[in-house]
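Here is what each chain is made of, one letter per residue.
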Amino acid sequence: MSERTATIASRVGLHARPAAIFAEAVGALDLEVTIALESDPAEDAMDASSILSLMSLGAGNGQVVVLRAEGDGADEALESLVKILETDLDAE
Amino acid sequence: MPKAVSEPPAGEKLASSTTAEDAAVTLRAAAKAVQAELKQRSVGATGAGKSVLEATALMAADPMLIKGAVKLITNNGTSAERAIWESAASVAEMLHNLGGYMAERSTDVLDVRSRIVAELRGVPAPGIPAADEPFILVADDLAPADTATLNPAIVLALVTSGGGPQSHTAIIARALGLPAVVAAPGVDDIADGTSIYVDGAAGSITVDPDADQVAAAEAWATTAATLAVFSGEGATADGHLVPLLANVGGAADAVKAAAAGAQGVGLLRTEFCFLDRDEEPTLDEQVTAYRGVFDAFPGKKVVVRTLDAGADKPLPFLTDASEPNPALGVRGYRTDFTSPGVLKRQLAAIATAAEGTEADVWVMAPMISTAEEAADFAAMCREAGLKTPGVMVEVPSAALTSESILGLVDFASLGTNDLTQYAMAADRQLGPLAALNTPWQPAVLRLIQLTVAGSVAEGNNKPVGVCGEAAADPALAVVLVGLGVNTLSMTARALSAVAAVLATVTVPEAQRLAAVALAAPSAVEARARVRAELPILDELGL
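Residues numbered from 1 in each chain as written. Chains lettered and ligands numbered in written order. Predicted model: local features only at pLDDT ≥ 70, side-chain atom pairs only at ≥ 80, totals over all residues.

## Considerations on the overall build of chain A
For clarity, the threshold we go by: Starting at the N terminus, helices and strands are each numbered in turn, a helix being any DSSP run of H or I of at least four residues and a strand any DSSP run of E of at least two. The contact criterion used is a C-beta to C-beta distance within 7 Å, with each C-beta placed from the backbone.
Counting its secondary structure elements, chain A contains three helices and four strands. What you see in chain A, going N to C, is helices and strands ordered as β-α-β-β-α-β-α. Pairs at least 24 residues apart make up 72% of the contacts formed inside chain A by residues separated by at least 6 positions.

## Observations concerning the overall build of chain B
Counted only if it meets this: Residue burial here comes from a neighbour count, namely the number of other C-beta atoms, placed from the backbone, that lie within 10 Å of the residue's own C-beta, with 20 or more meaning buried, 12 or fewer meaning exposed, and in between meaning partly exposed.
Helix and strand counts for chain B stand at 21 helices and 13 strands. With 542 residues in all, chain B has 47% of them scored as buried.

## Digging into the interface of chain A and chain B
Think of interface size as the accessible area that goes away when the parts come together; that is how it is often given. Under the convention used in this document: When residues are sorted by character, Ala, Val, Leu, Ile, Met, Phe, Trp, Tyr, Cys and Pro go into the nonpolar class, Asp, Glu, Lys and Arg into the charged class, and all the rest, Gly among them, into the polar class.
Taken together, the 15 residues of chain A in the interface contact 16 residues of chain B. Elements that contribute at least two residues to the side of chain A that touches chain B include exactly helix H1 (16-28) and helix H2 (51-57) of chain A. Of the residues that constitute the side of chain A that touches chain B, the class distribution is six nonpolar, six polar and three charged.

## Digging into the sheet that holds strand E1 (residues 135-139) of chain B
All names here are of chain B. For the record, the criterion: One requirement defines pairing of two strands: DSSP has to find at least two bridges between them.
If you walk across this open sheet you meet the three strands as E1-E2-E3, and the pairing is parallel. Every interior strand has two partners, whereas the edge strands, E1 and strand E3 (180-181), have only one. Direction of pairing for strand E2 (residues 155-160) relative to E3: parallel, over a ladder of two bridges. When the sheet's bridge partners are listed, Val159 is paired in E3 with Val181.

## Details of unusual backbone geometry
Residues and elements named next belong to chain B. One non-glycine residue, Asp208, lies in the positive phi region at around 55°. Tracing the sequence through the fold places Asp208 in the loop between strand E5 (204-207) and helix H7 (211-226). Phi angles above zero are rare outside glycine, and Met367 is one such case at about 65°. With respect to the helices, strands and loops of the structure, Met367 is situated in the loop between strand E9 (360-365) and helix H12 (371-384).

## Here's the deal with the sheet that holds strand E4 (residues 64-69) of chain A
All names here are of chain A. How we decide: Each axis is a line fitted through C-alpha atoms, and for a helix only the stretch in contact is used; angles between axes span 0 to 180 degrees, taken between their N-to-C directions.
Taken in spatial order, the four strands of this open sheet run E1-E4-E2-E3, and their pairing is antiparallel. Of all the strands in the sheet, the pair left with one neighbour each is strand E1 (2-7) and strand E3 (46-47). Relative to E4, E1 is paired through six bridges, and the arrangement is antiparallel. Note on E4: the bridge partner recorded for Thr5 is Val66. Here helix H3 (residues 74-85) sits on the sheet and contacts E1, strand E2 (33-37) and E4; the angle it forms with E1, its principal contact strand, is near 10°.

## Concerning the nonpolar core
Nonpolar side chains in soluble globular proteins tend to be buried together. Convention followed: By definition, a nonpolar core groups buried Ala, Val, Leu, Ile, Met, Phe, Trp, Tyr and Cys residues that are joined through C-beta atoms within 7 Å.
With 101 residues, the main nonpolar core has B:Val265, B:Val391, B:Val478, B:Leu480 and B:Val498 as its most contacted residues. Among the nonpolar cores identified, the runner-up in size contains 62 residues, and A:Ile8, A:Val33, B:Leu53 and B:Val117 belong to it.

## As for the packing of helix H17 (residues 474-482) of chain B against helix H18 (residues 495-502) of chain B
Residues and elements named next belong to chain B. As a reminder of what qualifies: Orientation is classified from the angle alone, with under 35 degrees giving roughly parallel, over 145 giving roughly antiparallel, 65 to 115 giving roughly perpendicular, and any other angle giving oblique. Throughout, a crossing is termed right-handed when the near helix is turned clockwise from the far one, and left-handed when it is turned anticlockwise from it by less than a right angle.
In contact at an axis separation of 9 Å, H17 and H18 are set at 55° when each is read in the N-to-C sense. In terms of their interaxial angle, H17 and H18 are classed as oblique. At the point where H17 passes H18, the crossing takes the right-handed sense. Together, Pro474, Ala477, Val478 and Val481 of H17 and Ala497, Val498, Val501 and Leu502 of H18 make up the contact between the two elements. Across the contact of H17 with H18, the residue classes break down as eight nonpolar, no polar and no charged.

## A few points about the packing of helix H15 (residues 416-424) of chain B against helix H16 (residues 442-458) of chain B
All names here are of chain B. For the pair H15 and H16, the least separation of the axes is 10 Å and the interaxial angle reads 120°. Between H15 and H16, the angle is such that the two are oblique. In the crossing of H15 with H16, the sense of the turn from one axis to the other is right-handed. Contacts between H15 and H16 involve Thr416, Leu419, Thr420, Ala423 and Met424 from the former and Ala443, Val444 and Leu447 from the latter. In terms of residue class, the contact of H15 with H16 is built from six nonpolar, two polar and no charged.

## Thoughts on H15(B)
Residue and element names in this part refer to chain B. Counting buried positions over the nine residues of H15 gives nine, a clear majority of the element. Here H15 has its buried residues at Thr416, Asn417, Asp418, Leu419, Thr420, Gln421, Tyr422, Ala423 and Met424. For H15, the secondary structure elements touched by its buried residues are strand E10 (389-393), helix H13 (396-400), strand E11 (411-414), H16 and strand E12 (464-466). Ala425 lies just past H15 and shows a positive phi near 50°.

## Let's talk about the environment of B:Ala31
Residue and element names in this part refer to chain B. Here Ala31 shows up in helix H1 (residues 20-44). With 23 C-beta atoms counted inside 10 Å, the residue Ala31 sits in the buried group. Those residues within four positions of Ala31 in sequence are excluded, and the remaining contacts are Ala60, Ala61, Ile66 and Ile116.

## Points about the environment of B:Leu98
Here B:Leu98 shows up in helix H4 (residues 80-98). Once you skip the residues sitting within four places of it in the chain, B:Leu98 turns out to touch A:Ser56, A:Gly58 and B:Ala103.

This is a description of form; function is not addressed.
This is the structure we're talking about:
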């Protein structure tokens, strides 16, 4: 199981446009990725490709989340997702 | 416009011929189809609309939503339609409970749900139809929410079987400059794709128009374009100034109104700051919002209407949706009785926003019914440091006691939409009562006349303006000036038409036409007789 942490950079947190961009990126991968707040237990991790799950996660600007995935290319995949989360997507 | 999607019956199970797997497959396919359609729509959209469409497209096939529904199908044998209905309901509730921005997205989930159910039923998706070619929209009635998706580049005209001259459809039509006919029973029977000719001024619809009508429609489009420019000064033919101001709902509106030449803002609807919220906006949020409007009109008058919630504008934290008669309920100024403090804080925010801008800020309260309320409101304004308090005259009692009310405040503004509703005891939104709900009703004109008379009697020439839809009707604007109304405030789109018509009459002529209207036996006659004496209306296609 590969794991990466990321600090949410988008100004208003992980919602709407930033969440949509992230969810689409996860959907484009061949792997199943889960996401959870750093403070939450791993069993509560949610499906990172579900925009509704992302919204209910309520991750705000500056909060740290944990991404987990398993399989070939999991490390690279998670790296690219971390990059997305750590870009201020609201700035566009 | 297709009818709203109805809820699938509670407890509906799979049809005996359908297996759970089949239903799950059908549901996923329907969700994917809805997702594809929304994605396609988002390609053509811009700005905020685009982001919302992109996010809603993702929601349509969201794993949380679909898995929830499939679970119900597999474990409970629930039908696909009912399963998605229930799954979406719990997702929407979850979002609603998160409050703030998330709560606002819960309506998006319900919209997606309606679309998936419509897809499963094989009926057209709800809402304003998407189309490549321009079209005339026919519906039962339009809601305030529909304005957001209505594209005036594609929708040519509005026709509704319900509503009335002061319903939301009429307001949207005026704001967008679209011809419209409302309260037209039988339009539901017009088949999709039929060619029709809509004459908003005459209030008629012709199916399968002839060549003359097609030409008239084209001619109107040209005139409407030329009429778009307002010189920036409203006046009669003999030089009597009639300031023409704009009704706005926020900074974006205000900027457009200023660009259109409005001489100020006659009505700033402050609800925009409060609608769709679970709690009162903070002082800072309000100050920023109001300042945005004030900054668009330096050196000019901006009349702020304090929070007008209730009736067709419910606010969860302020008004009671279970009232038996919302129009007669705790709305407007009255919410200060049941929720004291909100108004006080709003006035403080308005005062703070007004300092440090160059606009001349006036403040008025909606739904004032008595002189005592006017006095209390004036005191609250003074305490907040606001120098020019006024009242809206929309409750008939205020029109009838305007002399004593104007002794206590500095100005009055007639809200003719609600004044008509209350005077004629007719709900603005009911099609069958549309004929009663026009400000051309002699009784309504009489109340306007009495309001002005009260100001004259009070002796200080305190201004009486009109900010209801009546001011946007060029023929009626002439009557209002003839009745002694000092200023007219309207949707920015109507400024040039009203200015053009006012410029063709002198004050004595306007007074004579006002007398003609008052003496007419009916609203229809009043309108017809006044219009007959204003040839400019035909020339400009108004």
